[in-house]
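Read off the chains here:
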Amino acid sequence: MSERTKAQLLAENKRLRAEVERLDRIVNPPPPEPPEEPAPKPRLYVLALGELEKRIVPNAFQIPEAIKSIGPDAEWVPVYRLSDLPRDGYAVRVVDYVTAGFARGPREIKWYRRKGRQLAFAPTQKQVERFREVSEPLIAAMGEALDDATEYGNARRGYAACALTDVLHAQFELALARFKAGELDYANEVEDVLRKVPEQRRQISALEDR
């Protein structure tokens, strides 16, 4: 048998084998793949730790719509004891929504997580950026007051500039503490302090050193 004939037979054999496999797939199709299971809903938690909160949310069926609208696709689970909140769970407090109902403007979401036996505020990226936006001018004002103190040296104006730096630093620490506690109305106090800084620096520069 010539090499050409062998090659033709191999090619024909290959073609026929492929045709058999095709017909077999038609006659015996593979079983259908099982349907994909829907992704589990994210689980979020509602903290009802106080008596008033427990009366507002006595069970999972009575979670206020204002809370559920935060995550309409989530499974909301009420938590009545802090120890029952999973360490990796994010929660909102019923009391925040009760008090926010008396405030003007949109409700601001405040998330919490459990750290040991304590409840800790878990700020969103937007809230962190807002704190940075408010605090950066305060830090800059502290730097300017320190520069003034360095320039004025060990004299009356220098001491006054140092005192102003201390005031600004105390305001920053207060704002930071309030932010970490989830008290998000710190901005007005910071802005009020900053409005007074230019005049205070002018008054310090006008002091006579003795």
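Our subject is the structure listed above.
These notes cover the structure that comes with them.

What counts as what
- Residues numbered from 1 in each chain as written.
- Predicted model: local features only at pLDDT ≥ 70, side-chain atom pairs only at ≥ 80, totals over all residues.
- Heavy atoms only, no water.
- Core = buried A, V, L, I, M, F, W, Y, C linked by side-chain atoms within 4.5 Å.
- Buried < 20%, exposed > 50% of the residue type's maximum accessible area, 1.4 Å probe, protein only.
- Helix = DSSP H or I, 4+ residues; strand = E, 2+ residues; numbered from the N terminus.
- Contact = heavy atoms within 4.5 Å.
- Salt bridge = Lys/Arg side-chain N within 4 Å of Asp/Glu carboxyl O.
- Expected span 1.5 Å × (residues − 1).
- Bend = angle between axes of the 7 residues up to and from the residue.

**Considering the nonpolar core**
Part 1: With 28 residues, the main nonpolar core has Leu 47, Leu 85, Phe 131, Leu 168 and Tyr 186 as its most contacted residues.
Part 2: When residues of this core are traced back to their parent elements, those giving at least two are strand 1 (43-47), helix 5 (125-152), helix 6 (156-180) and helix 7 (187-205).
Part 3: No other element matches helix 5, which puts eight residues into this core.
Part 4: Here Phe 131 is in contact with Phe 172, Ala 175, Leu 176, Phe 179 and Tyr 186, once residues within four sequence places are set aside.
Part 5: Membership of the second largest hydrophobic core comes to 13 residues, among which are Leu 44, Val 92, Val 94 and Trp 111.

**A short note on the pattern of salt bridges**
Part 1: For the coordinates displayed, the defined rule picks out 15 salt bridges.
Part 2: With its nearest N and O atoms 3.9 Å apart, the salt bridge here joins Lys 110 to Asp 96. With a gap of 14 residues between them, Lys 110 in the loop between helix 4 (94-100) and strand 4 (112-115) and Asp 96 in helix 4 connect regions that are remote in the sequence. Of the two residues, Lys 110 and Asp 96, neither departs from the other in class, the shared state being buried.
Part 3: The partner of Arg 202 in a salt bridge is Glu 199, with the nearest N and O atoms 2.7 Å apart.

**Some details on helix 5**
Part 1: Its 28 residues give helix 5 an end-to-end C-alpha distance of 40 Å, which sits within 8% of 40 Å, the value for a rise of 1.5 Å per residue.
Part 2: At Ser 135, helix 5 is bent by approximately 30°, the largest bend along its length, and proline Pro 137 sits one to four residues beyond.
Part 3: Looking at the buried side of helix 5, the elements it contacts are strand 5 (118-121), helix 6 and helix 7.
Part 4: Positive phi appears at Gly 153, one or two residues downstream of helix 5, with a value of about 70°.

Keep in mind these numbers describe shape, not what the thing actually does.
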